[in-house]
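Working through the structure, step by step
Listed below are the residues making up each chain.
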Amino acid sequence: MAAPAAPAKCSEAALAAALADVPELGRLLEVDPYLKPFAVDFQRRYKKFSDILGNIGQNEGGIDKFSRGYESFGVHKCADGGLYCKEWAPGAEGVFLTGDFNGWNPFSYPYKKMDYGKWELYIPPKQNKSLLVPHGSKLKVVITSKSGEILYRISPWAKYVAREGSNVNYDWIHWDPEHPYKFKHSRPKKPKSVRIYESHVGISSHEGKIASYKHFTCNVLPRIKDLGYNCIQLMAIMEHAYYASFGYQITSFFAASSRYGTPEELKELVDTAHSMGIVVLLDVVHSHASKNSEDGLNMFDGTDSCYFHYGPRGTHDLWDSKLFAYSNWEVLRFLLSNIRWWLEEYCFDGFRFDGVTSMLYHHHGIGQSFSGDYNEYFGLQVDEDALIYLMLANHLVHTLYPDSITIAEDVSGMPALCSPISQGGGGFDYRLAMAIPDKWIQLLKEFKDEDWNMGNIVYTLTNRRYLEKCIAYAESHDQALVGDKTLAFWLMDAEMYTNMSVLAPFTPVIDRGIQLHKMIRLITHALGGEGYLNFMGNEFGHPEWLDFPRKGNNESYHYARRQFHLTDDDLLRYKFLNNFDRDMNRLEERCGWLSAPQAFVSEKHEGNKIIAFERAGLLFIFNFHPSKSYTDYRVGTALPGKFKIVLDSDAAEYGGHQRLDHSTDFFSEALEHNGRHYSLLVYIPSRVALILQNVDLPN
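What comes next concerns the included structure. (Residues numbered from 1 in each chain as written. Predicted model: local features only at pLDDT ≥ 70, side-chain atom pairs only at ≥ 80, totals over all residues. Heavy atoms only, no water.)

Quick word on the packing of helix 14 (residues 508-527) against helix 16 (residues 574-591)
It is the contact of helix 14 with helix 16, at a shortest axis distance of 10 Å, that shows an interaxial angle of 20°. Taken as axis vectors, helix 14 and helix 16 run roughly parallel relative to one another. The element helix 14 and its partner helix 16 pack so that their crossing is right-handed. Across from I514, H517, K518, R521, L522 and H525 in helix 14, the residues of helix 16 making contact are L577, F580, D581, M584, N585 and E588. Residue classes in the contact of helix 14 with helix 16 are distributed as five nonpolar, three polar and four charged. (Axes fitted to C-alpha atoms, helices over the stretch in contact; angles between N-to-C directions. Helix = DSSP H or I, 4+ residues; strand = E, 2+ residues; numbered from the N terminus. Parallel < 35°, antiparallel > 145°, perpendicular 65-115°, else oblique. Left-handed = near helix turned anticlockwise from the far one by under 90°. Contact = heavy atoms within 4.5 Å. Nonpolar A, V, L, I, M, F, W, Y, C, P; charged D, E, K, R; others polar.)

Quick look at the structure:
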């Protein structure tokens, strides 16, 4: 990280008090002494977290019970055959249940008002013991507002909602199948090295339609396993009325999206992934919610607040969405219960928290550059209520399932966000290294190959906080969206339509694109973090961009799909990129560089365009020069002995030019070079990435 600006000093007494209140704050300050002036901020955050946790224990019987809100709120079948219903609607004048079961009479089943804005209803069983509300029947909560309006709403706790035919709004459908899915496989252990395949079920088919959970389970999971990924991050699972929102405008937080199939089919997907040893993360959106009121949370009780901040503070200006009031007791219950629901009901193994930067600051990151000055991360601009919620969420996740994984999508670089809560940190396991994809796009857009700055590339890939783990990626779904281009499209553009056949000779554009695509991904994988992420299809250089059906494209699905069949065609060059991605992941599985300490970079030569570094006992060498190859190029290493090539981007199976003999033995000698005690001579062709392994070391 860049050196932070000097803040005001923290008194010795204040520092001592903070160290006394936060159990392991001393460890954090030892790692980063620049945080000492902000010790009181960590103290305040930790005390607030502890106080809320204590209040939950005192008033709710503990966070375990508090986070089971879905067991009482919503609609539930009782053991006697009756129905118990409960809602939180503090602004309502009256609450009623209606639906198919009572002929849609809006007022025949009134809820009873309780304390703190809660309402409950018990409907006795029928005399013939038949189901009051059968599985698959429709329901609505009827709210009478203080202004006299009659509002038909979907319960915030609805487990399943669906849109029928050409209907604009979603219907709440009671989901209580006679034979619910039973998980067959246990959760895999937390992988030491996390290799994430970022996925969207709906676009996972090559056909111009919305793909299903079943399709993903049968057709995509085997590909992910073969490619060597051990973790899937599922996007757009929480129900969202607007498909083109990419799943980021949530309308029903407890409902798995019905456009891909049933809840049972999603459970089967997760269970099948577990059987393959793959952990599954949910892309959880607690940073904001859709403004929909007919089929969303907004205006649920007829007021502008309820789950959200009142007035302008409750609206995100850029996203045109609603912002949660994280300090509200029932909002905390709702969000923490939502976290637990996905862990328990669907057996997800953790979460990627979306929009964390927006949550952390009152300015939501809008118009902020985040220079690295530590004063940007403390003070009145920080929304500590949201930060405390994230600490509570991480505490809950890791208490329930210690092997769970949580990832923060934070562009600001807030210090200690991925440090343990006991140190005053946010408790996340990883943060996304969001500067890396921006760097690659900048290089491809603004610089000639010969002008790429090796030192700047290395700086971007290694600029992360010590002991706070990062997920590195060359590109994610953000880069694939319409208005931007994937790396493959930046590199090869229109020639991808005409010159990807192996029957045609390499054109300069396709040759450059294929070689740099592999190099960019490998150096990001090896140097950029403690985990790696790839968006589905980008591993093989998926052509074009991603665009969901909308009015602006005549509701077309042409760009809302993934053409996996391109990699299966032996006559197309996409298979080369797919092969390289697979073997890169498999080598990491064997050697574990992502879980190893950060790399030692021995060379970043601007003239030669060479980058060399060591990590996990491997020697990585990259020659980014567009035309120069080097014979007997000396590279430093910490290890004596014999080295062999274990991955070569120039190999034939990766679409390379086969300029290296893999039977060659490379011997290091006791000749110091670039700060390493040993060195060896290597032939390094132009635009090539190599990994050498010391074969004298035990595996």
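This is not the end of the story, as more comes after the structure.
Section: the nonpolar core
Grouped together as the largest cluster of nonpolar side chains are 189 residues, with contacts concentrated most on L97, W342, Y389 and W440. For this core, the leading source of residues is helix 9 (residues 384-400), giving 10 residues. The residues touching W342, leaving out its near neighbours within four places in the chain, are I237, M238, F253, F254, A255, A256, L266, L282, C347, F348 and F351. Residues I621, L660, L680 and V682 belong to the second largest nonpolar core, which totals 17 residues. (Core = buried A, V, L, I, M, F, W, Y, C linked by side-chain atoms within 4.5 Å. Buried < 20%, exposed > 50% of the residue type's maximum accessible area, 1.4 Å probe, protein only.)

Concerning the pattern of salt bridges
Across all of its chains, the model carries 49 salt bridges by this definition. Between E164 and K138 there is a salt bridge whose closest N-O contact spans 2.9 Å. Placement of the pair is E164 in the loop between strand 8 (161-162) and strand 9 (171-173) and K138 in strand 6 (residues 138-145), with a sequence separation of 26 residues. Residues participating in the shared-partner salt-bridge network are D32, D410, R431, R465 and E468. (Salt bridge = Lys/Arg side-chain N within 4 Å of Asp/Glu carboxyl O.)

Observations concerning the side chain of K439
Considering the arrangement of structural elements, one finds K439 in helix 10 (residues 435-446). For the buried K439, which has no salt bridge, the nearest side chain bearing the opposite charge is E446, at an N-O separation of 7.8 Å. Contact partners of K439, with chain neighbours within four places excluded, come to N456 and T460. (Lys, Arg positive; Asp, Glu negative; His and termini not counted.)

Topic: the sheet that holds strand 1 (residues 74-77)
Strand order in the open sheet formed by four strands is 1-2-5-4, with antiparallel pairing between adjacent strands. Of all the strands in the sheet, the pair left with one neighbour each is strand 1 and strand 4 (112-113). Judged from the six bridges that link them, strand 2 (residues 83-88) and strand 5 (residues 118-123) form a sheet pairing that is antiparallel. Paired with E87 across the bridge in strand 5 is W119. (Pairing = 2+ DSSP bridges.)

Regarding empty space enclosed by the protein
This structure, assessed with the given rule, holds three cavities of 30 Å³ or more. Considering only enclosed or pocket space, the largest cavity measures out at about 60 Å³ in volume. Taken together, K77, G81, G82, L83, L131, L132, V133, P134, H135, H174 and D176 make up the full set of residues lining the largest cavity. Across the lining of the largest cavity, the residue classes break down as five nonpolar, four polar and two charged. (1 Å grid on protein atoms, 1.4 Å probe; cavity = no way out; pocket = protein on both sides within 12 Å on 5 of 7 lines; lining within 4 Å. Points joined across faces, edges and corners; volume = space filled by probe spheres on them.)

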